[in-house]
Amino acid sequence: MKNPKSISVRQKFIASAKNSKILTRKCKDCSTIMLATILYCEKCHGKNFNIIEYPGSGYVTTFTIHTVPPEGFEDVDSYAWVVFTLDDILVRASGFLPNIKKPSDLPIGSKVNVQGFDEKHGLVLKKL
Amino acid sequence: MENVCILGAGSTKYGRLNEDIIEIALAASVDAIESAGISPRDIQAGYLSNVFGVADKQVHMAPVIMSNLGISHVPGLTIESACGSGSVMFREAFANIRAGFYDCVLALGVEKVTHTGTNQSTTLFSYCSDFFYEGGNGASFPGLFASIARAYMTKYKANEEDLAHVAVKNHENGLLNPKAHVRKKITVEDVLNSPVVASPLKLYDCCPFSDGASAVILCNENFAKKSGKPYVQVIGSGRGGSPAAVQGRNDISTIPGTVIAAKQAYKMAGISAHDVDFAEVHDCFTIAEIIDVEDLGFFPKGKAAREIRDGATSRKGKIPINPSGGLKSKGHPIGATGIGQIVEVFEQFSGQAGERTINDAEIALTHNFGATGASAAVHIFKKVN
């Protein structure tokens, strides 16, 4: 088993996503919340944080449906790449949402949830 | 501080080229050297921008170019900044002339990708994104700009026809550019009926994958005056950054790096957007041009689509945009694009633009960015009579 101290922040972010959570940092000085992969506060540039896992639920901010996918995604019939805003904290993340065939399947504001993280498709979302 | 000038410019045709990447780069370099009326011995440094050299089995490209120009002792520097590589590299060349380190340098951008095919090119381009959040989650580059388009269209009630007008206008301009990649007149209906690549963007909303090279000779004003040749002065230069991932932007309908770079460039030039006579902007996708011309201050936010429909950005409009045809029609060899825009300015100001000449133009602006705007550069040029 790996020493937990050797786990990178990205690995921790992935581990949280696998539990349907989003890992964030909350600045102890100015209370700004950001994704945990950002190492200094975006507002005050400090580095005193509380690490907080938030539920991976949010709403669609914008999205696209790929007809010509990049390598590694050719096996998926039709999917959306989605920017979503987490409920309550207004932090944004993005992910892969399968089985979306047309824009009307996913109106802006639709509720989504982090379903997990897989090595092939990254952060996987589910439409609620 | 030295005044910085463009003394010569050259470019290959953009498109699917058969020569290898070094031959393409050398062709543009020789054109620029001859255009400037200088000898390679006058060049004190070489700056080169390129992104996917590894696909051509050639990285560390600048010294290879210097060697093949017969000036292997001249220091070369290769710079990568995705689709903004050319302008970011130009800024470094500009800064070194301005600081007095060199009197005369070569700034050369080159790319060759068409031999990799559409699928591999799409994949290679996705590496320019913030891959952990974007390419790794299935976002292609058309997909990223499609998500930006949807955010813009939602906020400002724009539609797909608004996007199409950008493509139609740039293709009209490209028809007049003998070096353009896609010289084809298209209609709004052609755009709307073209295959969807990543909704809401369709094939004709997207620039092509192109090969090509462009080069300019930069020098200080003393060098330019001694040459006796006509030249163009660089009067403004700005660089800005944006969150690398689209998700990190508070407002997805603007590109913060463009706004920052433009503000710096206008301040250095001592002008405002209203003083610009024409601009070459980064229209990798139609939505990008709409956002660019607002972020550069030519139109208020949310108003560009209507202005473009009304012809304000056509060659005879109040602010002509992309008289070269832009990335959309002229093409987008990503390492060369930023320099290609400056070549267009040089040709416009030196009477070489033919039918696409913007009459009486004296101030021009170029705008180029990497990825979805994570690294942006704006430069402003003045015709020297």
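Model, not experiment: these values are computed from the prediction. (Residues numbered from 1 in each chain as written. Chains lettered and ligands numbered in written order. Predicted model: local features only at pLDDT ≥ 70, side-chain atom pairs only at ≥ 80, totals over all residues.)

Visitor: Describe the interface of chain B and chain A, and please don't skip the residues or the numbers.
Guide: Often, the extent of an interface is quoted as the loss of accessible area on bringing the components together. If you look at the interface, chain B gives 29 residues, while chain A gives 26 residues. Those elements that provide at least two residues to the side of chain B that touches chain A are α4 (117–126), α5 (141–156) and β5 (196–198) of chain B. Top contributing element to the side of chain B that touches chain A by residue count: α5 of chain B, with 7 residues. (Contact = placed C-beta atoms within 7 Å. Helix = DSSP H or I, 4+ residues; strand = E, 2+ residues; numbered from the N terminus.)

Visitor: Pulling in residues and values, what's your account of helix α9 (residues 256–269) of chain B?
Guide: All names here are of chain B. For α9, spanning 14 residues, the distance from its first C-alpha to its last is 20 Å, which sits close to the expected 20 Å at 1.5 Å a residue. Against the buried residues of α9 lie β8 (232–241), α10 (286–295), β10 (363–370) and β11 (375–383). Two residues or fewer past α9, G270 is found with a positive phi of approximately 70 degrees. (Expected span 1.5 Å × (residues − 1).)

Visitor: Lay out the sheet that holds strand β1 (residues 21–27) of chain A in plain terms, naming residues and giving numbers.
Guide: All names here are of chain A. One open sheet accounts for 3 strands, arranged β2-β1-β3; its pairing is antiparallel. Lying at the two open borders of the sheet, with one neighbouring strand each, are β2 (33–35) and β3 (49–55). Sheet twist, expressed as the average angle between the axes of neighbouring strands with direction ignored, equals 40 degrees. Relative to β2, β1 is paired through 3 bridges, and the arrangement is antiparallel. Bridging from a neighbouring strand, R25 pairs with M34 of β2. (Pairing = 2+ DSSP bridges. Axes fitted to C-alpha atoms, helices over the stretch in contact; angles between N-to-C directions.)

Visitor: Any chance you could break down the environment of S237 of chain B for me, citing the residues and the numbers?
Guide: Residue and element names in this part refer to chain B. With respect to the helices, strands and loops of the structure, S237 is situated in strand β8. On the neighbour-count criterion, S237 (21 C-beta atoms within 10 Å) is buried. Sequence separation of S237 and N3 is 234 residues, and the distance between their C-alpha atoms is 12 Å. Among all residues touching S237, those that are not within four sequence positions of it are R91, F94, A265, M268 and H379. (Buried ≥ 20, exposed ≤ 12 C-beta atoms within 10 Å, placed from the backbone.)

Visitor: Break down the environment of E19 of chain B for me, with residues and values.
Guide: Residues and elements named next belong to chain B. Its place among the elements puts E19 in the loop between β1 (4–11) and α1 (21–36). Using a count of 14 C-beta atoms within 10 Å as the deciding quantity, one classes E19 as partly exposed. Each C-alpha atom of the pair E19 and D251 lies 43 Å from the other, and the pair is 232 residues apart in sequence.

Visitor: Lay out the pairing of strand β7 (residues 111–118) of chain A with the relevant residues and their values.
Guide: All names here are of chain A. In this structure, strand β4 (residues 57–65) lies alongside β7, joined through 3 bridges in antiparallel fashion. In the sheet register, S57 faces β7, and the bridge partner there is N113. The sheet contact formed by β7 and strand β8 (residues 122–127) spans 6 bridges and is antiparallel. Its bridge partner lying in β8, N113 is registered against K126.

Visitor: Kindly report on the confidence of the model for chain B, identifying the contributing residues and their values.
Guide: On average, residues of chain B score 97 in pLDDT, and 100% of them are at 70 or above. In the model output, the complex is listed with pTM 0.97 alongside ipTM 0.95. (pLDDT = per-residue confidence, 0-100.)

Visitor: Which residues make up the nonpolar core, and what values do they have?
Guide: Counting residues in each nonpolar core, the largest one holds 165 residues, and the members touching the most others are I6, A107, L108, V216 and I217 of chain B. Other than its neighbours up to four places away in sequence, V216 of chain B contacts I6, G8, A9, A32, A107, I339, I342, V343 and F346 of chain B. (Core = buried A, V, L, I, M, F, W, Y, C linked by C-beta atoms within 7 Å.)

Visitor: Provide a residue-level description of the sheet that holds β1 of chain B, including the pertinent values.
Guide: Residue and element names in this part refer to chain B. The strand order β3-β2-β4-β7-β1-β8-β11-β10-β9 describes an open sheet built from 9 strands, whose pairing is mixed. A single partner strand is all that each edge strand has here, and the edge strands are β3 (76–79) and β9 (278–280). Sheet twist, expressed as the mean angle between neighbouring strand axes with direction ignored, is 25 degrees. Packing against the sheet, α1 makes contact with β1, β4 (104–111) and β7 (212–220), and its axis sits at approximately 35 degrees to β7. The strands touched by helix α2 (residues 61–68) are β2 (45–49), β3 and β4; relative to β3, the strand with the most contacts, the crossing angle is about 140 degrees.

Visitor: If you had to explain the pairing of β7 of chain B to someone new, which residues and values would you point to?
Guide: All names here are of chain B. Among the 9 residues of β7, 9 are classified as buried, and the element is accordingly described as predominantly covered. Side chains of β7 alternate between two faces, with G212, S214, V216, L218 and N220 and A213, A215, I217 and C219 buried alike. Note that β1 and β7 share 7 bridges and pair antiparallel. For S11, the partnering residue across the bridge sits in β7 and is S214.

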